[in-house]
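# Structural description and commentary
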Amino acid sequence: MSTSLYDVIERRRDVRAEFTGSPVPDAVLHRVLEAAHRAPSVGMTQPWDFVLVRDPGLRRRFRDHVATERDTFAASLPPERRTAFDRIKVEGICESSLGVVVTHSQARGGTHVLGRHAIADAGLYSTVLAIQNLWLAATAEGLGLGWVSFYREDFLRSLLGIPADVRPVAWLCLGTVSHLETVPDLERHGWRSRRPLADAIHEDTWQARETDHA
């Protein structure tokens, strides 16, 4: 297995349909979570926590909630977008080996957080960096990961008993896979194409482009 950083970044996919359901060995899961826990964080606050969800009942309840939200989004689409969206699987909650819910605590580190006084979201950015570390480590280990975003935060908070002042940032479907697709699902199913790097680079000041709102 290649663990070249650039190779791992290239191979990383948002996995939905390729999970096998086989358990992830404890040592591998620990390495992946350790990689997430080593992410940089503003003021060394480490504002994240990881809720490991294996219980089938909890996962089914979350899957059913996600299905309702998927239907709500689908109903808002014009016909041509609805056709493309209907081909897309948005979760692998029950098929994956386990769920990893990543939470964010804005209170972590107390009142005076070094580096956060001007940008309140710096803590949230730190938690997202932990998710990226987890995702790349999972890919390096030959695992798949899918980020589920079709849910209401209050529902997930209630489902898992997450405190009111802690934000559930992501439900990550993590597990063993048959393979990783070479082309991202949204490209394969005609939802959206990858934006060229050149369109994202600006020199010194912002340069408006026709593709900015496409």
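A few points on the structure. In this text the structure is predicted, and so the values were computed from the model without any measurement. Position numbers for residues start from 1 in each chain and track the written sequence from start to end. Note on the predicted model: pLDDT of at least 70 is required for a residue's local features to be given, and 80 or more for side-chain atom pairs to be given and counted; whole-chain, interface and lining totals, by contrast, use all residues. For side-chain calculations, the full set of non-hydrogen atoms in the structure is used, while hydrogens and water are omitted.

### Notes on the side chain of Ser 96
- By secondary structure assignment, the location of Ser 96 is in the loop between α4 (79–86) and β2 (98–105).
- One polar contact links the side chain of Ser 96 to the main-chain carbonyl oxygen of Leu 98, over a distance of 3.4 Å.
- In this view, Ser 96 contacts Phe 19, Gly 21, Arg 59, Cys 173 and Leu 174; residues no more than four positions away in its chain are not counted. Here a strand is any run of E in DSSP of at least two residues, a helix any run of H or I of at least four, and the numbering for each starts at the N terminus. N or O atoms within 3.5 Å of each other form a polar contact, as long as, within protein, one can give a hydrogen and the other can take it, and as long as residues adjacent in sequence are counted only when both atoms are side-chain atoms. Whether two residues are in contact is decided by their heavy atoms, any of which lying within 4.5 Å being enough.

### Thoughts on unusual backbone geometry
- The phi torsion at Met 44 lies on the positive side, around 55°, for a residue other than glycine.
- Relative to the elements of secondary structure, Met 44 occurs in the loop between α2 (26–37) and β1 (48–53).
- Residue burial is assigned from relative accessible area. The probe radius is 1.4 Å, only protein chains are included, and a residue is buried under 20% of its type maximum, exposed over 50%, and partly exposed in between. Overall, the relative accessible area of 64% leaves Met 44 in the exposed class.

### Some thoughts on empty space enclosed by the protein
- In the cavity and pocket records, a cavity denotes points on a 1 Å grid over the protein atoms alone where a 1.4 Å probe fits but cannot get out, a pocket denotes an open set with protein on both sides within 12 Å along at least 5 of 7 lines, and lining residues are residues with an atom within 4 Å of a point. Grid points are joined across faces, edges and corners, and a volume is the space filled by probe spheres set on the points. One pass over the structure, following the stated rule, counts one cavity of 30 Å³ or more.
- In this model, the largest cavity occupies a volume close to 40 Å³.

### Structural notes on the pattern of salt bridges
- Definition used for salt bridges: Asp or Glu carboxyl oxygen within 4 Å of a side-chain nitrogen of Lys or Arg. Considering all chains together, one arrives at 14 salt bridges under this definition.
- The shortest N-O distance in the salt bridge between Arg 157 and Asp 154 comes to 2.8 Å. Taken as a pair, Arg 157 and Asp 154 lie in helix α6 (residues 153–160) at a separation of three residues, close to a single helical turn.
- By relative accessible area, Arg 157 is classed as buried at 15%.
- For Arg 194, the salt bridge goes to Glu 187, with nearest N and O atoms at 3.9 Å.

### Overview of helix α5 (residues 122–140)
- To estimate how far a helix should extend, the number of its residues minus one is multiplied by 1.5 Å. For α5, which comprises 19 residues, the first-to-last C-alpha distance of 27 Å matches the rise-based estimate of 27 Å (1.5 Å per residue) to within 8%.
- For α5, a buried count of 14 out of 19 residues is recorded, marking the element as mostly surrounded by other parts of the structure.

### Observations concerning the packing of α2 against α5
- Contact geometry for α2 and α5: axes closest at 7 Å, N-to-C directions at 145°. By crossing handedness, the relation of α2 to α5 is classed as right-handed. In this structure, α2 uses Val 32, Leu 33, Ala 35 and Ala 36 to contact α5, whose residues at the interface are Ala 130, Asn 133, Leu 134, Ala 137 and Ala 138.
- Residue classes follow a fixed rule: Ala, Val, Leu, Ile, Met, Phe, Trp, Tyr, Cys and Pro count as nonpolar, while Asp, Glu, Lys and Arg count as charged, and any other residue, Gly among them, counts as polar. Residues belonging to the contact of α2 with α5 are distributed by class as follows: eight nonpolar, one polar and no charged. For helices, the fitted axis covers only the stretch in contact; all axes are lines through C-alpha atoms, and the angles between them, taken along N-to-C directions, range from 0 to 180 degrees. Handedness of a crossing follows from how the near helix is turned relative to the far one, being left-handed for an anticlockwise turn of less than a right angle and right-handed for a clockwise one.

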